[in-house]
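Single-letter residue listing:
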Amino acid sequence: MTATDGLDLNQVTAFVRVMESGSFTAAARELGLPKSSVSRRVSALETALRVRLLQRSTRQLVLTEAGRLYFERARAALRGLSDANVAVTDLSHEIAGPIRFTAGGDNTGLTANLLAEFLTRYPKIQIDVVLTPRRVDLVAEGFDLALRAGPLVDSALIARRLGRTELGLFASPAYLRKAGRPKNVADLAKHRFVLFGEPHERERLRLTGPDGEESVKVQGPLVVHDMAFAVDAIATGIGIGLVPDMYLGWLIKGGMRSGGRDLVRLLPDHGVVGSELSLVSPSTAYEPTRVGLLRDFLADRLRPMIQACTLALEAEKAARRKAEERASKQASERAGKRGERKTSRAARPRSDQALATT
């Protein structure tokens, strides 16, 4: 007879929930049980295993070495059992059930429109959406899918890359009337900025342009950590700010507020290469069909948008270069004609004098 004979999964679940939530009270609330029942189940599990799993005190719960090992293995086993249940359910039922999805809080309009279209297709799916600038722990916090910008830090996650965009400099007409329009990268040091992100990222701009990378130190009265708020702040005339070109297009598709539509692009040949945008999900032995359907749907919608914005930006730059070349050529031609007229006028008196002498 082994220690696992007759083991009660309810006891194992209670122990795992206690450690995941950090207290007996929180675990009892999640399980819908009295706190005393949860405590009895954990004690019964320790009795069945003949080992103490955790040290209890009035302030905290501390796992023993045996408890730490058991918690890691038991949590993985319960997840595997949950995956098996989901697999069978997916085979025997129509597409239904919950999905936990997280993304930044920037593109609320577009996100709502996309999810509304998805839920029209699959009305029995329920999506729990958490919009936050914080990089959540997908596994620990129970998320199925995330839309993220930036490098993939956790190698245990699976990412489907959608593409990247360029950040451009934008300002409101009101700010430009007051402060003037910068003519080159060096001019930016004289302007106020709506600063975005962490200190090491926001205090110096590194812009890529026709002459390669140029760097300039910038300053401003406002620091933000949310792109939607940054766009609103720029629109009020506080200062210049970096905004992804694609982001403005997304806002228009998602029902953009009027202020952002009036933003003016500055130094359009200069920009900052943006982060890779990806759909990220935890690595699991079995992924519910509904999660894969949502990932495929979002990828099918977002990837063409990113590509279209990139192509539109490249076409705009090409058209601007052609216009500048045409203007330069016309200026050269006008300068040449003025030079010819000056030469002609300068030569005319000499000719008249030669005729008079003759």
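You'll find the structure just up there.
Cut-offs applied
- Residues numbered from 1 in each chain as written.
- Predicted model: local features only at pLDDT ≥ 70, side-chain atom pairs only at ≥ 80, totals over all residues.
- Heavy atoms only, no water.
- Helix = DSSP H or I, 4+ residues; strand = E, 2+ residues; numbered from the N terminus.
- Buried < 20%, exposed > 50% of the residue type's maximum accessible area, 1.4 Å probe, protein only.
- Contact = heavy atoms within 4.5 Å.
- Areas by Shrake-Rupley, 256 points an atom, 1.4 Å probe, with all protein chains shown as cover.
- Polar contact = N/O pair within 3.5 Å; in protein donor to acceptor, adjacent residues only side chain to side chain.
- Salt bridge = Lys/Arg side-chain N within 4 Å of Asp/Glu carboxyl O.
- 1 Å grid on protein atoms, 1.4 Å probe; cavity = no way out; pocket = protein on both sides within 12 Å on 5 of 7 lines; lining within 4 Å.
- Points joined across faces, edges and corners; volume = space filled by probe spheres on them.
- Nonpolar A, V, L, I, M, F, W, Y, C, P; charged D, E, K, R; others polar.

Caption draft 1: View of the overall build of the protein. Each helix and strand counted, the protein has 11 helices and 13 strands in total. For the protein, with 358 residues in total, the buried portion stands at 37%. Excluding contacts between residues fewer than 6 apart, the proportion of contacts in the protein whose partners are at least 24 apart in sequence is 75%. Carbon and sulfur atoms make up 53% of the accessible area of the protein, which totals about 20,900 Å².

Caption draft 2: Main features of the side chain of serine 281. Among the secondary structure elements, serine 281 is positioned in strand β13 (residues 272-282). Among the polar contacts listed, one links the side chain of serine 281 to the side chain of arginine 295, at a separation of 3.4 Å. The residues touching serine 281, leaving out its near neighbours within four places in the chain, are Leu138, Asp144, Leu145, Leu157, Ile158, Glu287 and Arg295.

Caption draft 3: Region of interest: the pattern of salt bridges. If you walk through the whole model with that rule in mind, you get 10 salt bridges. For glutamate 65, the salt bridge goes to arginine 68, with nearest N and O atoms at 2.6 Å. Taken together, the residues glutamate 65 and arginine 68, both in helix α4 (residues 65-92) and 3 residues apart, mark about one turn of the helix. The partly exposed category is assigned to arginine 68, whose relative accessible area is 34%. In this structure, glutamate 117 engages arginine 301 in a salt bridge whose closest nitrogen and oxygen atoms are separated by 2.5 Å. Taken together, the residues span a long stretch of sequence, with glutamate 117 in helix α5 (residues 108-121) and arginine 301 in helix α11 (residues 289-357) at a distance of 184 residues. The partly exposed category is assigned to glutamate 117, whose relative accessible area is 32%. One network of salt bridges, in which partners are shared, links Glu65, Arg68 and Glu72.

Caption draft 4: Local environment of the layout of surface pockets. Size it by volume and the largest pocket reaches roughly 1,500 Å³. In terms of residues, the lining of the largest pocket owes the most to one element, β13, which gives 5 residues. A class-by-class count of the residues in the lining of the largest pocket yields 26 nonpolar, 13 polar and 11 charged.

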